[in-house]
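Structural overview
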Amino acid sequence: MATGTSGNRLRRLAIPTLVVALITGTTGVAGSASAAPGGASGSGTGGYFTAGHDKRVTLTDGADRRPDGRNAASQRATTDATGSGMYVVELAEEPLTAYAGGVSGLARTRPEAGHRLDVTSAPSRAYRGHLDAQRTAVAAAAGVTVNAAYTTAFNGFSAKLTAEQATTLRADKRVRAVTASKALGTRTPPPTAPSTASTPGAPAATDPAAPDQAPAGGPAGKPVKPGPGTGAGMVIGVLDTGIWPESASFAKKMPAPATWHGTCQTGVAFVAEHCNGKIVGARYFADTWLAGGGSVPEGEVLSPRDMAGHGTHTASTAAGLPIPNVTIDGRRFGPVSGVAPDAQIAVYKVLWNGMGFDADIIAGIDAAVADGVQVLNFSIGSDLGDWEANTPIGIAFLNATLAGVFVAASAGNTGIVSGAISNAAPWVTTVGAAVTNLDEATVKLGDGTKLVGGSLDALPGGDSRPMVFGEQAGSPDLGAVYCEPGSLDPAKIKGKVVACALSDMFGSAAEIKAKGGAAMVVFEPAGNYRINSIFNFPVVYLPTEKQAGTLFNYLMRHPTDARVSLRSGGDGSSVPGVPSVADFSSTGPDKVTLGVLKPDLVAPGSDIIAAVSPAGNFGRQYDAYSGTSMASPYVAGAAAVLRAAHPNWSPGAIASALRTTATDTVGTSSPLDQGSGFINLAGATDPGLVIEPTAADLVAFSETAVPDGKELNLPAISLREYDATRPVTLTRTLTNVGKTPETYRSSVSGLDGMKVTVTPASVTLAPGKSATVTITLRRGNAPWDRYVTGSIGWRGKAHSARIPVAARPWGIMPRPYGDDGEEFGRMTSGVSGSIQPGFTGPLAGRSTGYTPMQRASYSMPAGVYGGVFDPGATGVKKFDFTVPAHTAGIVVDANTDDPNTNLDLYLYKGDTLIYSSDRYWTSAEQAYKFLPEPGRYTAYVFAQFPGGPVVDFQFGHAIVGQNAKYSGAALTLPSTVERGLTHGFTLKPNKPLPEGDFWAYTEYSTNGTVIPGNLVYTQQSAWQ
């Protein structure tokens, strides 16, 4: 059963950059695409979506990418079937950042709070020598050759091991952990057209104004607001794909800070002069790449030079110089600037063709901390988020944090799946992406229908033009549905707007442009993320499934006389508003660790214009990218600004200031989506209060096999799966970082159905002083097995702070993911049902008994073979029904006996899609809603592939009341249950049921507390 969209028919639109971070334009950020004059661009998908076409899916791995639909190279395995391969070995002793003393004759190297690690001090040199000797001894004992050694932020090494050597090392008491090296990254795709500046160091085809002409400030195409600083004296380390040093965003000579210990590592097309001070240092790390394959990927160079663009984009977003007006393909897009334009950049190239190994990334982190960076940006992530806590990279970031280095990291771009968060360690500030620029475009069809999509290109405007579907204007066998290169007939598209199904948008635009088409409109029948790119051709992208259905069926009704007009701008309907959480931004909860709320906050990350590598971006020096990879460096730049203004603040204090002053986005206030909210740098400079965990608590968390972060002194509360039959009591410590005494009074917002008390209700704090408050949360009438969200705030005379709260009372099913519409574990069979309770104690239950599924046979005229769903299209049958109050569940299903027909099923409440079931090439479709809101519902049966001119099918529905009494059934349950264990139950009819399908509802109780149960199914066959 599939929810949401189907991935079987079309390739998903790809986000144009790395795996986890995005940047958008508001005050203090890289240039905003919305600064562009009206642009037009059209990208289209055309044709019939027939069975057997290649599976076009690209965005399910969480990578930020350009919308060309290309997949990057698949991840390389580091170990073979025998277990031999590349490993990361962590040794038992602490690295320099964490060593607090204890070894005879070796003094402490871990810096005191508010101080920095000095790798050149006598204690550091002595302890490093000790670690070197221990590493040599461990490796020799196992017969291992060390590939790369780490001592600063991680104590250990990488090496190529046999399975036997790995076993030997794990048994060595001097070894803490041995893990197979893993691949992760940004998966930036290669360019889809020949670059006009493919030679490293060549000037861009379109250059911005010289930096000495730049006004002070101007991130996101707007002047910098007074208040926040510029990050002077700070060094931001960027772990990424490298840098394009010739960019005007880095063209300023600056002296290195006195605390800088780094170097400028030269290599292919990268010389010492490229480290001009703005780029204060540069290194590259490829030991694991080279050990595994002998060479870097095709198109890469062995140096810090960026051949992709992602690293240059993130670096310039964080700390690029102000540029007065960026020109891309002859069009002016206004001013751009980094968030911290006076900060300096240290480059650590750890990704090769958008991918890298953790062993090389750890080497980059180790070097960055030793070099003396104050901030690290990590716009890199894992497919579908983290899968384990306390990874080697996570430990390296912990030790960096202990040394006073702030770490910002991207949350990931898998918003279609809840809980797919990358970089979820509590000492990392995990950043989601927000839309801050509309960049809308309007498609007006010949029948007057208006569809609002997105575009960054100059659109023609004016009167309507003829429009043609790609499928009808070329060769289907060559991919005319997708307007693929070589597929279209010039005579059929000349002067027309071409509609194309989503695939390689850059390739499709180039095909239409070369063949004389006027513009492109791209649609995605499976639905996709709202992002834009600059095509230098009129392209409009319509991202939603509903828009695709409207456009497709209009084209089917007008195969020869379709018309359309395209104009820049829209009515704001493409997003809830600005700032709003980008639909691709990964959402919580953190599925790995209990008690940690992620993301931490959101920042601009959609349609962000910043510097790039011309070698990987069609010769452009600047381009628009989208992704959480763009949002993370925004926060890194903000952290540099705060650190410059408050040199003694710890990374935890900076993170708290950014989070407790964040504001709600438009369209949601759920911390699962927005974390603490949208970044407010001006407010963070003077937050009043900070809430930060101690170093000891973070270290203890990292050493726990199954960590739970709810007791950490974090500026958030997460109760993902808690026993709501009893209250939960937590503490938080508030510290006044203001300049005057202040009294703060607490308040609670949201958290409907929860009873929350804060004791004491108010605290008075002198500057630098702290107070601990006790927070007690009790479930009142909050729903079971669903998230309740809100916040707790403290308001003083001059300052206010708030922390988000997300709580999920665990009734009968744990849920490591969010409430995405599908009720996990609710649908079950009466023959072999099961529950997994969140409490320990007695269990009782009741049921409604079984009510039959109301089923009947129907026929409808066939629509387009391989078409796209639209409620008003031919080939769609509509069923309306009313759901009363106190309904336990509604279930609808559809099926056909025709093996050549494929049905899809959609369940709506008004205009809101509740559930979709669109499994590929099968017609056993089912949609449901547990504990639905009362009101009018509509089900649509869609013959996506009709087997003939008339489609025969069966449709059934059941509305199960919570308190109804149907045909009696006996519920068998255990008398007591234990939290987290699976317990079986049966629900057997008291007497034989007639032939058909039946549904029932069960409800449970423990010590008088009632907990909603299951929707239970049984079937009675004719032969039973």
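All figures in this text were calculated on a predicted structure; none of them were measured in a lab. (Residues numbered from 1 in each chain as written. Predicted model: local features only at pLDDT ≥ 70, side-chain atom pairs only at ≥ 80, totals over all residues. Heavy atoms only, no water.)

Description of the overall build of the protein chain
Quick note on the threshold: Helix numbers and strand numbers start at the N terminus; a helix is a DSSP run of H or I with at least 4 residues, a strand a run of E with at least 2. Working definition: with a 1.4 Å probe on protein chains only, accessible area under 20% of the residue-type maximum means buried, over 50% means exposed, and in between means partly exposed. Throughout, a residue-residue contact means that at least one pair of heavy atoms, one from each residue, lies within 4.5 Å. Only the protein chains shown count as covering a residue, and every accessible area follows the Shrake-Rupley method with a 1.4 Å probe.
The helix and strand inventory of the protein chain stands at 14 helices and 52 strands. For the protein chain, with 1024 residues in total, the buried portion stands at 61%. Sequence-distant contacts, at least 24 apart, represent 77% of the contacts inside the protein chain between residues at least 6 apart. With the model as given, the accessible surface of the protein chain reaches about 34500 Å², and the carbon-plus-sulfur share is 52%.

Some remarks on the environment of valine 498
Looking at where valine 498 falls in the secondary structure, it is placed in strand β18 (residues 497-501). The exposure class assigned to valine 498 is buried, which follows from its relative accessible area of 0%.

A few points about the state of the cysteines
Our working definition: Defined by distance alone, a disulfide is two cysteine sulfur atoms within 2.5 Å.
Applying the stated criterion to the full structure yields two disulfides. With a sulfur-sulfur separation of 2.1 Å, cysteine 264 is cross-linked through a disulfide to cysteine 275. Taking the torsion about the sulfur-sulfur bond, which here is approximately 80 degrees, the covalent link between cysteine 264 and cysteine 275 counts as right-handed. Pair noted here: cysteine 264 is in the loop between β6 (235-240) and β7 (279-284) and cysteine 275 is in the loop between β6 and β7, with a separation of eleven residues, a long-range link.

A word on the confidence of the model for the protein chain
Spelled out, the test is: For every residue, the predictor assigns a confidence score, pLDDT, that lies between 0 and 100.
Counting all residues, the mean pLDDT for the protein chain is 88, and 88% of those residues have values of 70 or more. Per-residue pLDDT stays below 50 along residues 34-75; that stretch engages in 241 contacts with residues further than four places along the chain or on separate chains. The low-confidence segment residues 187-226 (pLDDT under 50) makes 120 contacts with residues lying over four places distant or belonging to another chain.

Points about the pairing of strand β28 (residues 728-736)
We count it as follows: A pair of strands is treated as paired once DSSP finds two or more bridges between them.
Two elements, strand β26 (residues 689-690) and β28, share two bridges in a ladder whose sense is antiparallel. Across the sheet, residue leucine 689 finds its bridge partner in β28, namely asparagine 736. Bridging between β28 and strand β32 (residues 770-779) involves eight bridges; their strand directions are antiparallel. Along β32, the bridge assignment pairs threonine 729 with threonine 776.

Describing the pairing of strand β29 (residues 742-750)
Note: β29 against strand β31 (residues 762-765), four bridges, orientation antiparallel. Opposite arginine 745, over in β31, you have serine 762 as the bridge partner. When β29 meets strand β33 (residues 788-795), the two strands line up antiparallel, connected through six bridges. Paired with serine 746 across the strands is tryptophan 794, a residue of β33.

Comments concerning the environment of alanine 807
Tracing the sequence through the fold places alanine 807 in strand β34 (residues 800-809). C-alpha separation for the pair alanine 807 and glycine 790, spaced 17 residues apart in sequence, amounts to 9.0 Å. Dropping the residues within four chain positions of it, alanine 807 is found in contact with Leu719, Tyr722, Met754, Arg786, Tyr787 and Val788.

Regarding helix α8 (residues 505-514)
The test is simple: Whenever two N or O atoms come within 3.5 Å, that pair is a polar contact, provided that in protein one can donate a hydrogen and the other can accept it, and provided that, for residues adjacent in sequence, both atoms are side-chain atoms.
The buried fraction of α8 amounts to seven of the ten residues, a majority that puts the element mostly inside the structure. Three or more residues of α8 are buried, namely Met505, Phe506, Gly507, Ser508, Ala509, Glu511 and Ile512. Each element contacted by the buried residues of α8 is listed here: α7 (490-493), β18, β19 (519-523) and β20 (539-542). Taking the backbone nitrogen of phenylalanine 506 as reference, a side-chain oxygen 3.2 Å away marks aspartate 504 as the first, capping residue of α8. After α8 finishes, the residue glycine 516 shows a positive phi value of roughly 95 degrees.

A look at the pattern of salt bridges
Applied cut-off: A pairing counts as a salt bridge when a side-chain nitrogen of Lys or Arg comes within 4 Å of a carboxyl oxygen of Asp or Glu.
Enumeration according to the criterion identifies 25 salt bridges in this entry. Between glutamate 300 and lysine 349 there is a salt bridge, with the nearest N and O atoms lying 2.8 Å from each other. Linking glutamate 300 in the loop between α3 (287-293) and α4 (310-319) with lysine 349 in strand β10 (residues 344-349), this pair joins segments that are 49 residues apart in sequence. Grouping residues by exposure puts glutamate 300 and lysine 349 together as buried. The residue aspartate 893 makes a salt bridge to arginine 855 at a minimum N-O spacing of 2.7 Å. With a gap of 38 residues between them, aspartate 893 in strand β42 (residues 887-895) and arginine 855 in strand β40 (residues 854-861) connect regions that are remote in the sequence.

Points about the environment of tyrosine 541
Within the secondary structure, tyrosine 541 is located in strand β20. Using a relative accessible area of 2% as the deciding quantity, one classes tyrosine 541 as buried. Tyrosine 541 sits 19 residues away from valine 522 along the chain, and the two C-alpha atoms are 4.8 Å apart.

Points about helix α9 (residues 545-557)
For the record, the criterion: One fewer than the residue count of a helix, multiplied by 1.5 Å, yields its expected span.
Its 13 residues give α9 an end-to-end C-alpha distance of 18 Å, which sits within 8% of 18 Å, the value for a rise of 1.5 Å per residue. Across the 13 residues of α9, eleven count as buried, placing the element largely inside the fold.

Some points on the sheet that holds β34
Let me state the cut-off plainly: Helix axes use the C-alpha atoms of the stretch in contact, all axes being lines fitted to C-alpha atoms, and the angles between their N-to-C directions lie in the range 0 to 180 degrees.
What the five strands build is an open sheet, ordered β27-β34-β33-β29-β31; its pairing is mixed. Strands with a single pairing partner mark the edges of an open sheet, and in this sheet they are β27 (717-722) and β31. Between one strand axis and the next, the sheet turns by 20 degrees as a mean value, whatever way the strands run.

What to know about the packing of helix α10 (residues 628-645) against helix α11 (residues 651-660)
Our working definition: For classification purposes, an angle smaller than 35 degrees is called roughly parallel, one larger than 145 roughly antiparallel, one from 65 to 115 roughly perpendicular, and anything else oblique. By convention the crossing between two helices is left-handed if the near helix lies anticlockwise of the far one by an angle smaller than a right angle, and right-handed if it lies clockwise.
One can describe the packing of α10 onto α11 by two numbers: an axis separation of 10 Å at closest approach and a directional angle of 115 degrees. Our classification of the angle between α10 and α11 gives roughly perpendicular. As for how α10 packs across α11, the hand of that crossing is right-handed. Along its contact with α10, which presents Val635, Ala638, Ala639, Leu642 and Arg643, the element α11 presents Ile654, Ala657 and Leu658.

Examining the side chain of serine 626
Of note, serine 626 is situated in the loop between β25 (622-625) and α10. A residue is classified by how much of its surface remains accessible, and serine 626, at 0% relative accessible area, is buried. A distance of 2.7 Å separates a polar atom in the side chain of serine 626 from the backbone nitrogen of aspartate 607.

Describing the nonpolar core
Formally: Residue types Ala, Val, Leu, Ile, Met, Phe, Trp, Tyr and Cys, when buried and joined through side-chain atoms within 4.5 Å, form a set referred to as a nonpolar core.
Tyr348, Ile365, Val373, Leu376, Phe378 and Phe397 are the most contacted members of the largest nonpolar core, which has 55 residues in total. By residue number, the principal contributor to this core is helix α5 (residues 358-371), which donates nine residues. Every residue in contact with valine 373, bar those within four places of it in the chain, is listed here: Arg116, Val235, Gly237, Trp260, Ala346, Tyr348, Ala368 and Val405.

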